[in-house]
Amino acid sequence: MIELRTPAEIDEMRAAGTFVANTLTELVAASQVGVNLLALDSLAAKLIRRVGATSCYVDYHPSFGAMPFGKVLCTSVNDAALHGLPHDYALKNGDVLSLDFAASVNGWVADSAVTVIVGTPRPEDVTLIETTERALAAGIAAATVGARIGDISAAIGELSRAAGYSVNVDFGGHGVGRTMHGDPHIPNDGRPGRGLPLRAGLVFAIEPWLMEGTDRIFTDPDGWTLRSLDGSRAAHSEHTIAITDAGPVVLTAR
Ligand code: MG
């Protein structure tokens with residue numbers, strides 16, 4: 001079901017957006033060589049408790065998940081593309097780390113992801129991350145009243161393919177509101193001029209993710225982490241945005 005939010009409700013959602021953005025900023029700063037993924041998850045849990053927020057992940061148990069997620073943060077390292085389950089792993093120099101975080105504040109959810117390089121970057125990883133960020137920016141720029149979902153999808157897909165990446169559309173953007181995942185679905189590739197017309201009051205996450213090699217993924221034995229089939233590295237960028245008559249508003253801007 002597509003739900004439209006009033007301007008007052010969108011204002012209420014800003015608290016969740018700001019909390020998620022600030023948490024990611026703290027997590028990025030903490031993502032140094034030698035830091036354990038479990039410590040990053042604990043830091044996120046501490047920040048959730050401090051403001052009385054609610055994790056969207058800890059009890060999350062969708063049809064594709066083997067068991068409830070059990071952590072409050074997704075940490076996807078190197079060939080892990082999405083849904084990385086934090087585990088006992090100390091970050092190494094040159095690792096590509098995607099942090100995906102969603103929480104509810106005062107009953108409203110925000111969802112955002114950022115990818116960083118730990119320590120010394122490899123040029124191809126910098127390009128990969130910059131491309132997901134440019135794809136996200138292109139998707140957001142296309143999210144205007146009167147455009148359609150397909151315009152967002154096409155903007156992301158065209159930019160990604162022009163940069164030399166293939167695009168997997170198994171997972172994409174989604175409506176965000178009282179819960180983390182709602183309608184509409186926003187594929188990371190598609191045809192312009194198709195799909196739901198965008199109206200003021202729509203709130204959703206846009207989340208391009210790319211892999212350096214294949215567009216195929218598989219599920220790690222942990223039951224959650226999605227990895228590239230060929231071991232190539234992945235990056236993920238996500239913001240929760242609100243469609244308004246004045247243009248898209250990025251609720252999770254850092
Ligand atoms: Mg997310």
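Refer to the structure above for everything that follows.
Since this is a predicted model, take the numbers as computed values, not measurements.

About the cut-offs
All chains use their own residue numbering, which begins from 1 and follows the written sequence. Given that this is a predicted model, residues contribute local features only at a pLDDT of at least 70 and side-chain atom pairs are listed and counted only at 80 or more, while totals for whole chains, interfaces and linings are drawn from all residues. Neither water nor hydrogens contribute to the side-chain values; these are computed over all heavy atoms in the structure. Between buried and exposed lies partly exposed: a residue is buried under 20% and exposed over 50% of the maximum accessible area for its type, with that area taken using a 1.4 Å probe on protein chains only. Secondary structure elements follow DSSP: runs of H or I no shorter than four residues count as helices, runs of E no shorter than two count as strands, and numbering proceeds from the N terminus. Pairing between strands requires that DSSP locate at least two bridges from one strand to the other. By nonpolar core we mean a set of buried residues, namely Ala, Val, Leu, Ile, Met, Phe, Trp, Tyr and Cys, connected to one another through side-chain atoms within 4.5 Å. Contact between two residues is taken to exist if any of their heavy atoms lie within 4.5 Å; hydrogens are not considered. In this scheme, a helix's expected span is set at 1.5 Å multiplied by one less than its residue total. Bend, in this description, refers to the angle at a residue between axes fitted to the seven residues ending there and the seven starting there. Between the N-to-C directions of two axes lies an angle of 0 to 180 degrees, each axis being a line fitted to C-alpha atoms and, for a helix, fitted only over the stretch in contact. Crossing handedness is read from the near helix: turned anticlockwise from the far helix by less than a right angle, it gives a left-handed crossing, and turned clockwise, a right-handed one. Residues are grouped as follows: nonpolar covers Ala, Val, Leu, Ile, Met, Phe, Trp, Tyr, Cys and Pro; charged covers Asp, Glu, Lys and Arg; every other residue, Gly included, is treated as polar. Only N, O and S atoms count as donors, using a 2.8 Å limit from the metal and a wider 3.2 Å limit for Na, K and Ca, and since water is excluded some coordination spheres may look unfilled.

**Focus on the pairing of strand S5 (residues 108-117)**
- Of all ten residues in S5, nine are buried; the element is thus mostly enclosed.
- Pairing geometry for strand S4 (residues 96-105) and S5, over ten bridges, is antiparallel. By the bridge assignment for S5, Asp100 is matched with Ala113.
- Linking S4 back to S5 in an antiparallel pair, the connection comprises two residues, with Asn106 at a positive phi of about 55 degrees.

**Structural notes on the nonpolar core**
- With 27 residues, the main nonpolar core has Phe19, Leu97 and Phe101 as its most contacted residues.
- Among the secondary structure elements, those contributing two or more residues to this core are helix H1 (7-30), helix H2 (37-51), S4 and S5.
- Counting residues per element, this core draws most heavily on H2, at seven residues.
- In contact with Phe19, not counting residues within four places along its chain, are Leu47, Ile48, Val51, Ala53, Phe101, Ala103 and Val105.
- Formed by 18 residues, the second largest nonpolar core is a distinct cluster that contains Ala135, Ile156, Leu159 and Ile206.

**A few points about H1**
- Taking 1.5 Å per residue, 24 residues should reach 34 Å; H1 reaches 35 Å between its end C-alpha atoms and fits that length.
- When the local axis directions of H1 are compared, the greatest deviation, roughly 25 degrees, occurs at Met13.
- If you check which residues of H1 are buried, you get Ile10, Met13, Ala16, Gly17, Phe19, Val20, Ala21, Thr23, Leu24 and Leu27.
- Structurally, H1 contributes buried residues whose contacts are with H2, S4, S5, strand S8 (203-206) and strand S13 (239-244).

**Details of the packing of H1 against H2**
- As a packed pair, H1 and H2 sit with axes 10 Å apart at the nearest point and diverge in direction by 145 degrees. Here the hand of the crossing between H1 and H2 comes out right-handed. Across the interface between the two elements, Phe19, Thr23, Glu26, Leu27 and Ala30 from H1 touch Leu40, Leu43, Ala44, Leu47, Ile48, Arg50 and Val51 from H2.
- Among the residues making up the contact of H1 with H2, the classes are represented as nine nonpolar, one polar and two charged.

**Thoughts on the coordination of the magnesium ion**
- Looking at the magnesium ion, one finds its protein donor set to be Asp100 (OD), Asp100 (OD), Asp111 (OD) and Glu238 (OE), positioned 2.0 to 2.8 Å from the metal centre.
- Linear spacing of the donor residues for the magnesium ion on their chain is D-x10-D-x126-E. Separated by 127 residues along the polypeptide, Asp111 in strand S5 and Glu238 in the loop between strand S12 (234-236) and S13 bring together distant segments of the chain.
- What makes Asp111 buried here is its relative accessible area of 2%.

Purely spatial values, then, with no claim about function.
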